[in-house]
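Here are the chains, one letter per residue:
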2 protein chains.
Amino acid sequence: MTRAAAWLGVLGVLAAGTAWADEGMWTLNGFPAERFRQRYGESPSAEWLDHARLASVRLAQGCSGSFVSRDGLVMTNHHCAAGCIQEVSTPENDLMAQGFRAERIEDERACPELEVNVLQEIRDVTARIHEATHGKSGADFGQALRAEMSRIEAECAQGGRWRCDVVNLYHGGRYDLYRYKRYQDVRLVFAPEDRIAFFGGDPDNFMFPRYDLDVAFVRVYEDGKPARVKDFFKFSAQGPREGDVVFVTGHPGRTMRLLTVAQIEFLRDVLYPMTLKVYAELRGILTQFSREGAEHARIARNDLFYLENAFKAYHGMHKTLLDRDFQRHKAAEEQTLRDRLSRDPSGAEALAALDRIAAVQERLRGLLTEYWLLEGRGASFSKLFRMARTLVRWDEERTKANEVRLREFRESALPSLTQSLFSTAPIEPDLEEVQVAFWLSKVREHLGADHPVTRLVLGRDSPEDLARTLVRGTGLADPGLRRRLWEAGTAATDDPMIAFARRLDAAARAVRKTYEDEVEAVEDRESEVLARARFRLAGTDTYPDATFTLRITYGTVAGYREGSREVSPVTVLRGLFERATGKDPYALPPSWERARDRLDLDTPMNFASTCDIVGGNSGSPVINRRGEVVGLIFDGNIQSLGGAFWFEESVNRAVAVATPALLEALAKVYDLPRLVRELTR
Amino acid sequence: MTRAAAWLGVLGVLAAGTAWADEGMWTLNGFPAERFRQRYGESPSAEWLDHARLASVRLAQGCSGSFVSRDGLVMTNHHCAAGCIQEVSTPENDLMAQGFRAERIEDERACPELEVNVLQEIRDVTARIHEATHGKSGADFGQALRAEMSRIEAECAQGGRWRCDVVNLYHGGRYDLYRYKRYQDVRLVFAPEDRIAFFGGDPDNFMFPRYDLDVAFVRVYEDGKPARVKDFFKFSAQGPREGDVVFVTGHPGRTMRLLTVAQIEFLRDVLYPMTLKVYAELRGILTQFSREGAEHARIARNDLFYLENAFKAYHGMHKTLLDRDFQRHKAAEEQTLRDRLSRDPSGAEALAALDRIAAVQERLRGLLTEYWLLEGRGASFSKLFRMARTLVRWDEERTKANEVRLREFRESALPSLTQSLFSTAPIEPDLEEVQVAFWLSKVREHLGADHPVTRLVLGRDSPEDLARTLVRGTGLADPGLRRRLWEAGTAATDDPMIAFARRLDAAARAVRKTYEDEVEAVEDRESEVLARARFRLAGTDTYPDATFTLRITYGTVAGYREGSREVSPVTVLRGLFERATGKDPYALPPSWERARDRLDLDTPMNFASTCDIVGGNSGSPVINRRGEVVGLIFDGNIQSLGGAFWFEESVNRAVAVATPALLEALAKVYDLPRLVRELTR
């Protein structure tokens, strides 16, 4: 274990000779019992862990949650359910602003795009994958890897009965098959007003002390009835106390603690600067768009929230990458690895892998702009375009064998894909037009007006005019049309957005193929080599980088030092009222103003713990040793953003809503005895 | 000279053993005659240089220009006169869109904020400055330096008769006093439509080949009559040809070729990333604001142009700083300097200076955000706030002796300061409100909602509400009120913007003082030490970093290689019509559509040369050996943006409008025989 620490190098506390840090996003079949025991005493039992796994859920769109009643009630964050809340809103009935409470079970409202997954089984498929890719490299390696993954997933899924994902852990060190139960009938039960869910708004996001009620309850249904579930977390009325040992189960999205220096430099010098500039500009556009009237503010709110959230997260991550302590640490860590590999009789291959990973970053630098704008994040700002592309590509992909399709069209992915494609969520043309125009203008700006791709995309049109033509002319806002085109193909339609997606498709597929064959496949293969060498040098007793799969982490409810100030770990309701100014984002909703005198102002509201989480953990339960939920993760402090790259236990904090505030609010602000009973029975 | 090259290290061509590169922004009293002769034969005479100096002008707001007739006619860029063009526009009469032509001399229109300077004399005041600062360090050094500069300037200015600036050259290696004749009665003579002046808009900005008519003519007046000038450039009807040797005189704003590695890293990792993000967001806001209607587009156009221009320039500069070839080069250059200093018996002080400059960057990293937002660029987005701050500070500064005032209030600066303060240019409340709100929101975002400065700035208000209160409540849009408050003081007014500026003033002055005493003064002093050591090691036969003072540079009309493509150096009018799509920013104004058949389409339009320029050179004349103007600098190619840090002759190109296109357009598109006669007589 000390050897593992040496190459992981992210275990800063260890180096100082103290006990194990709370670092680690552990798989549920890899809980570090001995490590936990050394710091905190008795370790959770296998039954406890199985129960925690089955009571934890994943929101497939990118969040976590947990069952909190036997009737399929799921607790997650308001910001995780915001898509649904927005989708069931109308101009006249803005549920983001007003909140939503289903007084009776029949008032619960369908969320057209939510999918809930519960992890049933983990199976090691490393041997099978390695066999399929053995002796291959470059494009061959990548194609063989994707094909075998699709094959394994299709076998497991049994025609859509299960959701099955092959998960690449330790950057190729291990491949596990995750089999989930899938719920697609998910209904909204309760959401507070966004003013209290996201009190403090962007300025307080990633900050602590904090005063948010970032909660939503949804319920999963089976055959039109609330699903009965065996495993769920009991609600703790007492909540968290400073010094308590707590656990978080959930789905951290992505960490990059095992990347090489060359990969880190690519992020620092190329990807993040570009992303930050593009996001900043779009943020400005959506900010001003939102000022153009209440309806524009309503329809842009969710996109603006996610954009600002991502912007701040990238900003924090970039800051860590620019931090010279981090840079020195990372360089030293890699040098140590190189030194050990040089002394290792079979280290040459891994040393070569390090160099090949560095070389491929050069290729990526040349390719990134085009890839990002045509096929990556840059091409995804518009829902209508994404749908058009899906439909156009399905024409071709449906004719191919499962294992050679683009990954998002593999059989096992179709249920989620079509749920989203056929969603009845409204599409807002004003907002779409702005987003399409923005994307097109960035294509021209980043590639240049004379680049063949720019000419292909724009022709002789301007971004604004083309965006208007496409958005006003398309019929794809109608889910019925999308379903018909999915079934019958797009050949017969003259829909302009479909035609546009078709015009781009050869170029977009080409750059994707180049990326997959010349970058991704090389990185995947060489990272595997590196992972095997690391296992050989340091053992396997460590945790893999986050992959939006279920993990468990543990820690202590604890404050921290910020400059000269001691930050205490638990806030209470009184602080909320003190912080409120009456001006957004520090304005309270009327319900809270009215309830103030009824509330116990000493009730714990938010709290910080040393649990090692990142984005994707939003909605995770915080549970105590007895398996009761004491909190609901909704954020990390600003120092936690560096957690993508390393874990600094002294300041990295997970931030959660305390259960006592939830119960107090449901009872006294929202008058929902039905829900309080369900949570506490 | 080879030794100079070794420490300058920016002379890439030299290292390969070829002739001198065209690098260098030479002072008019430091023209490198021998160096020029070696590459191009006979060097310009002292008379030629004197004439060029007196025929070159500076637009004090940040551009260059030249006299092109004996009647005080000044040629500059459309984008340099855009402030004026916008200021004399109205919603009904949008001169940016329509262009402006003064058919008769009495139609010429006053530009309320333009000031034109003509350099009369350069005097070396190094000894006097050194005497004043001798033996001092830290805050004492900075205060003594500023005081002595203000004293010298006041003596020279003779109560406002001259404009006098002490210029710090070679980062303290030399101090020169520049004495200018100043014209403040400047009138607009001609400006084309912005569609042709800035054809291709932001996408084509910093690109080549190019097709812009980025020209404006203004005229300086004395005693209400056109000023008679002895020195002016004759207009060449023939224009430039590939291979011609050409000169550019003008006022490059700022280069940073002599910065240390630590200073460069500060820019790369701190200042530029922050600036780029803030500019990108404001760009998004102004872009969307401009879509809200023709009037919003009109009033935001100029700000948006300058913002996008700056954004692209920072982007290009940042790209150079992230370039690994540049990084290696810079590190090697500094290592060479350190090695030589180590061997130099008196090198210890300069080595210590390098370390102190590095240490002060750490201080700056901690200080930057607050400084930038309260006192630097971040606090300057709103005209109304800038004016309020000037008025509030003048109350105090007027009571102080000249040499201890804040630099912008020194006696010699007052004519320019008051010209701008009393300007009759309209102020647009809609735009102001957006800019103030943006600034306030960035204060909160970057410092945090709980920072004392944020609380001081916002109180319990929101950025939007406070911006509205300040902008709608202030009377400062009235130049008459500003004049009265300047004269009588602000004590008696309850104007909300004045009150706001006053509320911030102690904190803003404090952070400025910290910056000046603990950063600027240290950098200034230690840079002086370094400059002296460099002179000692390598001689003085080199050029100083740009300082927005008059320089001359020379080169060849020449194309370059871009990837696999040879870019030819001269474009012709035909290319303009081929590039036009009818959609902005590639739409031609109607005047050009109408004139098309009358034009000689083989007329040279824009051209590239190897002259070493940067921002501030906009509006510079390109002159041939005979002293005739053959072009008008308006841009550099994208590769030239790295010129802030190093000069790469193979690709760095200055971009200019060719005089034949100017004459062709004035005659056949704009039907202005008066102006053609004046230029060609």
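Here, every reference points to the structure presented above.
So, a few notes on the structure that sits alongside this text. (Residues numbered from 1 in each chain as written. Chains lettered and ligands numbered in written order. Predicted model: local features only at pLDDT ≥ 70, side-chain atom pairs only at ≥ 80, totals over all residues. Heavy atoms only, no water.)

**Quick look at the relation of the copies chain A and chain B**
Move 1: Superposing chain A onto chain B requires a rotation of 180 degrees together with a translation of 0.0 Å along the rotation axis, leaving an RMSD of 0.0 Å. What we have between these two chains is a two-fold relation.
Move 2: Comparing interface residues between copies, 100% of those in chain A also sit at the interface in chain B, which points to an isologous, same-surface contact. (Least-squares fit on C-alpha atoms with pLDDT ≥ 70 in both. Contact = heavy atoms within 4.5 Å.)

**Some points on the side chain of B:Lys277**
Move 1: Here B:Lys277 lies in helix α11 (residues 261–290).
Move 2: The side chain of B:Lys277 sits in the buried core without any salt bridge; B:Glu445 is the nearest counter-charge, 7.9 Å away.
Move 3: What B:Lys277 contacts, discounting residues up to four positions off in sequence, is A:Leu276, A:Ala280, A:Phe311 and A:His315. (Helix = DSSP H or I, 4+ residues; strand = E, 2+ residues; numbered from the N terminus. Buried < 20%, exposed > 50% of the residue type's maximum accessible area, 1.4 Å probe, protein only. Lys, Arg positive; Asp, Glu negative; His and termini not counted. Salt bridge = Lys/Arg side-chain N within 4 Å of Asp/Glu carboxyl O.)

**Describing the side chain of A:Thr610**
Residues and elements named next belong to chain A.
Move 1: Along the chain, Thr610 falls in the loop between β19 (604–609) and β20 (621–623).
Move 2: Among the polar contacts listed, one links the side chain of Thr610 to the side chain of Asp22, at a separation of 2.5 Å.
Move 3: A polar atom in the side chain of Thr610 sits 2.8 Å from the backbone nitrogen of Thr556. (Polar contact = N/O pair within 3.5 Å; in protein donor to acceptor, adjacent residues only side chain to side chain.)

**Focus on the environment of B:Val676**
All names here are of chain B.
Move 1: With respect to the helices and strands, Val676 occurs in helix α25 (residues 673–680).
Move 2: Assessed through its relative accessible area of 19%, Val676 is described here as buried.
Move 3: Not counting chain neighbours up to four residues away, the residues in contact with Val676 comprise Leu663, Leu666 and Ala667.

**Observations concerning the interface of chain A and chain B**
Move 1: With 41 residues of chain A in contact, the opposing surface of chain B contributes 41 residues.
Move 2: Counting the surface lost from both chain A and chain B, the interface buries some 3,800 Å², and carbon and sulfur atoms represent 46% of this.
Move 3: When the buried area of chain A at its contact with chain B is split by residue, A:Lys277, A:Arg324 and A:Arg460 rank highest and sum to 17% of it.
Move 4: Applying the counting criterion to the chain A and chain B interface returns 14 salt bridges.
Move 5: Ionic pairing is found between A:Glu281 and B:Arg283, a salt bridge with its closest N-O pair at 3.2 Å.
Move 6: Applying the counting criterion to the chain A and chain B interface returns 20 residue pairs in polar contact (both at pLDDT 80 or more). (Buried area = accessible area lost by both parts, 1.4 Å probe.)

**Some words on the pairing of β19(A)**
Residues and elements named next belong to chain A.
Move 1: With respect to burial, β19 is a largely interior element, six of its six residues being buried.
Move 2: Taken together, the two bridges between strand β18 (residues 570–572) and β19 define a ladder with antiparallel strand orientation. Note that in β19 the partner of Val572 across the bridge is Pro604.
Move 3: Alignment of β19 against strand β22 (residues 654–658), held across four bridges, turns out to be antiparallel. By the bridge assignment, Ala608 is partnered in β22 with Val655. (Pairing = 2+ DSSP bridges.)

**Focus: unusual backbone geometry**
Move 1: Following A:Asp584, the chain continues into A:Pro585 via a peptide bond in cis, with omega recorded as 0 degrees.
Move 2: Its location among the elements puts A:Pro585 in the loop between α22 (573–579) and α23 (590–595).
Move 3: In the segment running from B:Phe208 into B:Pro209, the intervening peptide bond is cis, with an omega of 5 degrees.
Move 4: Its place among the elements puts B:Pro209 in the loop between α10 (201–204) and β11 (216–222).
Move 5: A positive phi angle, near 55 degrees, is found at B:Tyr170, a position not held by glycine.
Move 6: With a phi angle near 55 degrees, B:Asp223 is a residue other than glycine that sits in the positive phi range.
Move 7: Here B:Asp223 is to be found in the loop between β11 and β12 (225–226).
Move 8: B:Asp223 gets classed as exposed once you look at its relative accessible area, which sits at 80%.

**What to know about the packing of helix α15 (residues 383–397) of chain B against helix α20 (residues 479–488) of chain B**
Residues and elements named next belong to chain B.
Move 1: Viewed as axis vectors pointing N to C, α15 and α20 meet at an angle of 20 degrees, and their least axial separation amounts to 8 Å. Considering the angle they form, α15 stands roughly parallel to α20. Crossing angle aside, the handedness with which α15 passes α20 is left-handed. Mapping the contact onto sequence places Met387, Thr390, Leu391 and Trp394 in α15 and Arg482, Leu485 and Trp486 in α20.
Move 2: Of the residues contributing to the contact of α15 with α20, the split by class is five nonpolar, one polar and one charged. (Axes fitted to C-alpha atoms, helices over the stretch in contact; angles between N-to-C directions. Parallel < 35°, antiparallel > 145°, perpendicular 65-115°, else oblique. Left-handed = near helix turned anticlockwise from the far one by under 90°. Nonpolar A, V, L, I, M, F, W, Y, C, P; charged D, E, K, R; others polar.)

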